[in-house]
Amino acid sequence: DTAVSQTPKYLVTQMGNDKSIKCEQNLGHDTMYWYKQDSKKFLKIMFSYNNKELIINETVPNRFSPKSPDKAHLNLHINSLELGDSAVYFCASSQEIVGGHTEAFFGQGTRLTVV
Amino acid sequence: AQSVTQPDIHITVSEGASLELRCNYSYGATPYLFWYVQSPGQGLQLLLKYFSGDTLVQGIKGFEAEFKRSQSSFNLRKPSVHWSDAAEYFCAVGARGGSEKLVFGKGTKLTVNP
């Protein structure tokens, strides 16, 4: 039973298209994230949501719009895709505890290729 | 804001040899510290974490890490490497009582020779 699952695993699309990536966690966590891993494997946070509320937005272009219908789901919609959006996108979740958060649990990633 | 440095981009070891991957962090207080491993085409798996208490932390797959406050380091070690340990390793730091985000180092790629 996968803890953090995201779909699709691979996504190939043309420039200018709009696409969505879905993420679900069954860990009961209250915080979810989107991270982007570039071609050099560098991981950087994009967004975090706590109980469906946006907490972190790390200067991501407004073509990227996260949506959290409930605390178990965090989807990422990308408008007008550009070549530079090609990357692996990871969803993650964690639980708020006294003094911070637990470790983050990651999904398997979605490899987005824009052609 | 916290930051992480992994000085070694790529390390090659022979199977059965010992391993140490370096991680240095910058943070104004004692942070939360993590090591994650990423096999090719896979997500990130947590190897171990430091929150408080004993500064020598044991993780999965025979890995351990030691938090050294004086050196702002959290180096990962394994006494005997197996071929299946070949992967990318990421050190990450989280803030206490602050932002939820993890800040990752740039990763160290481990190659294991037979």
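These remarks concern the structure in this document. Residue positions within a chain follow its written sequence, with the count starting from 1. All chains are assigned letters beginning with A, and all ligands numbers beginning with 1, in the order in which they are written. Local features in a predicted model are, by the rule used here, given only for residues with pLDDT of at least 70; side-chain atom pairs are given and counted only at 80 or more, and totals for whole chains, interfaces and linings are based on all residues. Water and hydrogen atoms play no part in the side-chain values, which are based on all heavy atoms of the structure.

Topic: the state of the cysteines
Residue and element names in this part refer to chain B.
Link 1 in the chain: We call a pair of cysteine sulfur atoms a disulfide when they lie within 2.5 Å. A full pass over the atoms with the stated rule returns two disulfides over all chains.
Link 2 in the chain: What pairs with Cys 23 in a disulfide is Cys 91, and their sulfur atoms sit 2.0 Å apart. Disulfide Cys 23 to Cys 91: torsion about the S-S bond roughly -65 degrees, handedness left-handed. Taken as a pair, Cys 23 in the loop between strand S3 (19-21) and strand S4 (24-26) and Cys 91 in strand S10 (residues 87-94) lie far apart in primary sequence, 68 residues in all. The helix and strand labels rest on DSSP assignments: H or I over at least four residues marks a helix, E over at least two residues marks a strand, and numbering proceeds from the N terminus.

Here we look at the sheet that holds strand S1 (residues 4-7) of chain A
The strands making up a sheet associate through hydrogen bonds between their backbones, and the pairing can be parallel or antiparallel.
Residue and element names in this part refer to chain A.
Link 1 in the chain: If you trace the four strands from one edge of the open sheet to the other, you get S1-S3-S8-S7, paired in antiparallel fashion. The open sheet is flanked by S1 and strand S7 (64-70), the only strands paired with a single partner. Neighbouring strand axes in the sheet, compared pairwise and without regard to direction, differ in orientation by 20 degrees on average.
Link 2 in the chain: Between any two strands, pairing holds if DSSP finds at least two bridges. In terms of strand pairing, strand S3 (residues 19-25) meets strand S8 (residues 73-78) through four bridges, oriented antiparallel. The residue bridging Ser 20 from the neighbouring strand is His 77, located in S8. Whenever a helix is involved, its axis is fitted only over the stretch in contact; in every case the axis is a line through C-alpha atoms, and angles between N-to-C directions fall within 0 to 180 degrees.

Considering the interface of chain B and chain A
Link 1 in the chain: Residue contacts follow a heavy-atom distance rule, with two residues in contact if any of their heavy atoms lie within 4.5 Å. On the side of chain A, 25 residues touch chain B, which itself brings 23 residues to the contact.
Link 2 in the chain: The buried area of a pairing is the accessible area, by a 1.4 Å probe, that goes missing from both parts when the two are put together, added over both. Interface of chain B and chain A: buried area, both sides summed, is about 1900 Å²; carbon and sulfur atoms make up 56% of it.
Link 3 in the chain: Here, a salt bridge means any Lys or Arg side-chain nitrogen found within 4 Å of an Asp or Glu carboxyl oxygen. At the junction of chain B with chain A, the criterion picks out one salt bridge.
Link 4 in the chain: Two residues, Lys49(B) and Glu103(A), come together in a salt bridge whose shortest N-O distance is 2.9 Å.
Link 5 in the chain: In protein, a polar contact requires one atom able to donate a hydrogen and another able to accept it; more generally it is a pair of N or O atoms within 3.5 Å, and residues adjacent in sequence count only if both atoms are side-chain atoms. Scanning the region where chain B abuts chain A turns up four residue pairs in polar contact (both at pLDDT 80 or more).
Link 6 in the chain: Of all the elements in the fold, those that place two or more residues in the side of chain B that touches chain A are strand S5 (32-38), strand S6 (44-50), S10 and strand S11 (102-104) of chain B.
Link 7 in the chain: Sort the elements by how many residues they give to the side of chain B that touches chain A and S5(B) lands first, with four residues.
Link 8 in the chain: Tallied by class, the residues present in the side of chain B that touches chain A amount to ten nonpolar, seven polar and six charged. The classification used treats Ala, Val, Leu, Ile, Met, Phe, Trp, Tyr, Cys and Pro as nonpolar, Asp, Glu, Lys and Arg as charged, and all other residues, Gly among them, as polar.

Observations regarding the environment of Ser84(B)
Residues and elements named next belong to chain B.
Link 1 in the chain: Positionally, Ser 84 belongs in the loop between strand S9 (73-78) and S10.
Link 2 in the chain: Sequence spacing of Ser 84 and Thr 111 is 27 residues, and the spatial spacing of their C-alpha atoms is 9.7 Å.
Link 3 in the chain: Engagement of the side chain of Ser 84 in a polar contact is seen with the side chain of His 82, the distance being 2.7 Å.

Digging into unusual backbone geometry
Residues and elements named next belong to chain A.
Link 1 in the chain: The residue after Thr 7, namely Pro 8, is reached through a cis peptide bond having omega -5 degrees.
Link 2 in the chain: Assignment of secondary structure puts Pro 8 in the loop between S1 and strand S2 (10-13).
Link 3 in the chain: Positive phi is not limited to glycine here, since Lys 41 has a value of about 75 degrees.
Link 4 in the chain: With respect to the element layout, Lys 41 can be found in the loop between strand S4 (31-37) and strand S5 (43-50).
Link 5 in the chain: The partly exposed category is assigned to Lys 41, whose relative accessible area is 30%.
Link 6 in the chain: Phi angles above zero are rare outside glycine, and Asn 51 is one such case at about 50 degrees.
Link 7 in the chain: Looking at where Asn 51 falls in the secondary structure, it is placed in the loop between S5 and strand S6 (53-57).
Link 8 in the chain: Each residue is placed in one exposure class: buried if its accessible area under a 1.4 Å probe, protein chains only, is under 20% of its type's maximum, exposed if it is over 50%, and partly exposed if it falls in between. Overall, the relative accessible area of 38% leaves Asn 51 in the partly exposed class.

Digging into the packing of aromatic side chains
Link 1 in the chain: Note on aromatic pairs: the rings of Phe, Tyr and Trp (six-membered ring only in Trp) are paired at centre separations within 6.5 Å, and the planes decide the class, stacked below 30 degrees, edge-to-face beyond 60, tilted for the rest. As enumerated under the stated definition, the model contains 15 aromatic pairs over all chains in all.
Link 2 in the chain: Taking the centre distance of 5.4 Å and the plane angle of 80 degrees together, the rings of Phe106(A) and Tyr36(B) count as edge-to-face. With Phe106(A) in strand S12 (residues 105-106) and Tyr36(B) in strand S5, this residue pair bridges two chains. Accessibility assignment for this pair places Phe106(A) and Tyr36(B) in one class, buried.
Link 3 in the chain: Aromatic ring contacts, followed pair by pair, group Tyr33(A), Tyr35(A), Phe90(A), Phe106(A), Tyr32(B), Phe34(B), Tyr36(B), Phe51(B), Phe90(B) and Phe104(B) into a single cluster.
Link 4 in the chain: Only Lys NZ and Arg CZ are tested; either one counts as a charge over a ring when it is within 6 Å of the ring centre and within 35 degrees of the ring normal. Over the ring of Phe51(B) we find Lys49(B); its NZ or CZ atom is 5.3 Å from the centre of that ring.
Link 5 in the chain: Over the ring of Phe42(A) we find Lys106(B); its NZ or CZ atom is 5.8 Å from the centre of that ring.

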